[in-house]
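Coordinates in review
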Amino acid sequence: MLELSLRTLRRIRWFSPLKCSVSSLRPFGFLVAMFLALAWFPVSMLYAAPSMEQRVLPLLHGFEWRDRPADFTDLGEGVDQVLMAIAANPQWHGVIRFRALAALRYFPNPTVARFLETLIGQDSSPGLVRRGLHAYAQAFGNKEPSKVADFAEPLLAHGNSSVRMQAAQILQALPRNTVSVRVQQALDAGVALAQPEGVVR
């Protein structure tokens, strides 16, 4: 009986309240540490940052659309690449593509210039050609008026009257010495706005 009680006392001493509390608190302590770590972890890091396309697209939507340069330029690098991709993608609605072209005038760099020059010279859509020419003139008309004239003059012979009118308006706004004499004479006579056959090439 005495031997049994001694064994019981040893067991009680081994499983002391202190040892039991420490061992039982280990999982709880781990959870507390995890909670504190998450509390200090920035919430923004838990979500993926929106892509540049996701940031640009809302700027191209809206019933009454008014584009402001800062809305696009303040987004940082890569905006012009997204705008060109949208403008070149026929899966997008025409209005979105037109607005993307209009916004490209805020990025007068060589890449945008080549893109607009290709679109003006090759695209079969009158709406894209007209808006691409307007963006090109807005972006480069002050620094490179002769180059703008070179791309606008052939469009005076375009089959679409809206494209011809846009080209004529742009050429009339350029310095006279950047426009060829024959085209300037046709513009002065108003022939370019009437019919494509009237422009002497």
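Before going into details, it helps to say that this report is about the structure given with it. Per chain, the residues get numbers from 1 upward, laid out in the order the sequence is written. Residues qualify for local features only when their pLDDT is at least 70, as the model is predicted, and side-chain atom pairs are given and counted only at 80 or more; totals for whole chains, interfaces and linings, by contrast, use all residues. Hydrogens and water are ignored here; the side-chain numbers use all heavy atoms of the structure.

Each helix corresponds to a stretch of at least 4 residues labelled H or I by DSSP, and each strand to a stretch of at least 2 residues labelled E; elements are numbered beginning at the N terminus. Within the protein, the regular secondary structure consists of twelve helices and zero strands. In the protein, the succession of α and β elements from N to C terminus is α-α-α-α-α-α-α-α-α-α-α-α. Here the term buried applies to any residue with accessible area under 20% of the maximum for its type, exposed to any over 50%, and partly exposed to those in between, with areas from a 1.4 Å probe on protein chains only. Counting across all 201 residues of the protein, residues that qualify as buried make up 34%. Looking at the protein alone, contacts between residues at least 24 apart form 56% of all its contacts between residues at least 6 apart. Exposure was quantified through the Shrake-Rupley algorithm and a 1.4 Å probe, taking into account, for residues, occlusion by the shown protein chains and nothing else. Within the structure as shown, the protein displays about 13400 Å² of accessible surface, and the carbon and sulfur contribution to it stands at 60%. Here, residues are in contact when the closest pair of their heavy atoms is within 4.5 Å.

Further remarks concern the pattern of salt bridges. Whenever a carboxyl oxygen of Asp or Glu lies within 4 Å of a side-chain nitrogen of Lys or Arg, that contact is scored as a salt bridge. Applying the stated criterion to the full structure yields two salt bridges. Across the pair Glu117 and Lys147 runs a salt bridge whose closest N-O atoms are separated by 3.4 Å. Highlighted residues: Glu117 in helix H7 (residues 110–122) and Lys147 in helix H9 (residues 145–152), separated in sequence by 30 residues. Classification of Glu117 by relative accessible area gives buried; the value is 14%.

A pair of Phe, Tyr and Trp rings is counted when the ring centres sit within 6.5 Å of each other, with Trp represented by its six-membered ring. The angle between the planes then sorts it: under 30 degrees is stacked, over 60 is edge-to-face, the rest tilted. Following the criterion strictly, the structure yields three aromatic pairs and no others. Seen from their ring centres, Tyr136 and Phe140 are 5.3 Å apart, and the 50° between their planes marks the pair as tilted. Separated by four residues within a single helix, Tyr136 and Phe140 lie in helix H8 (residues 126–140), roughly one turn from each other. For the pair shown, Tyr136 and Phe140 are each scored as buried. One aromatic cluster is present, built from ring pairs that chain together Tyr136, Phe140 and Phe151. Cation placement over rings: the criterion is NZ of Lys or CZ of Arg within 6 Å of the ring centroid and within 35° of the ring normal. The ring of Phe98 is capped by Arg131, whose NZ or CZ atom sits 3.8 Å from the centre of that ring.

In this section: the nonpolar core. Generally speaking, nonpolar side chains in soluble globular proteins are found buried as a group. Of all hydrophobic cores here, the largest spans 46 residues; its most connected members are Val56, Leu60, Phe72, Leu83 and Leu171. Setting aside residues up to four positions removed in sequence, Val56 forms contacts with Phe72, Leu75, Val79, Val82, Leu83 and Ile86. Definition of nonpolar core: a set of buried residues of the types Ala, Val, Leu, Ile, Met, Phe, Trp, Tyr and Cys, connected through side-chain atoms within 4.5 Å.

We now examine the environment of Gln169. One can find Gln169 in helix H10 (residues 161–173). When the C-alpha atoms of Gln169 and Ala152 are compared, they prove to be 9.6 Å apart, with 17 residues separating the residues in sequence.

As a further point, take H10. Expected span of a helix, by definition, is 1.5 Å for each gap between consecutive residues, and there is one gap fewer than residues. The terminal C-alpha atoms of H10 lie 18 Å apart, and with 13 residues this matches the ideal 18 Å at 1.5 Å per residue to within 8%. For H10, the full list of buried residues reads Val163, Arg164, Gln166, Ala167, Ala168, Ile170 and Leu171. Among the residues of H10, the N-terminal cap falls to Asn160, whose side-chain oxygen and the backbone nitrogen of Ser162 are separated by 2.8 Å. The definition of a polar contact used here is a pair of N or O atoms within 3.5 Å, where within protein one atom must be able to donate a hydrogen and the other to accept one, and adjacent residues in sequence count solely through side-chain atom pairs.

Take Thr178: it is sitting in the loop between H10 and helix H11 (181–189). Note on Thr178: relative accessible area 13%, which makes it buried. Among the polar contacts listed, one links the side chain of Thr178 to the backbone oxygen of Pro175, at a separation of 2.5 Å. Among all residues touching Thr178, those that are not within four sequence positions of it are Pro145, Ser146, Ala149 and Glu153.

Tracing the backbone through its elements, the reader meets Leu156 in the loop between H9 and H10. The exposure class assigned to Leu156 is buried, which follows from its relative accessible area of 0%. In this structure the C-alpha to C-alpha distance between Leu156 and Gln166, which are ten residues apart in sequence, comes to 8.7 Å.

Two residues of an α-helix separated by three or four positions point the same way, owing to the 3.6 residues in each turn. Buried within H9 we find Pro145, Val148, Ala149 and Ala152. Buried residues of H9, seen end-on, are gathered within an arc of 100° and therefore sit on one face of the element. Looking at the buried side of H9, the elements it contacts are H8 and H10. Summarising the geometry, the arc corresponds to the directions from the helix axis toward the C-beta atoms.

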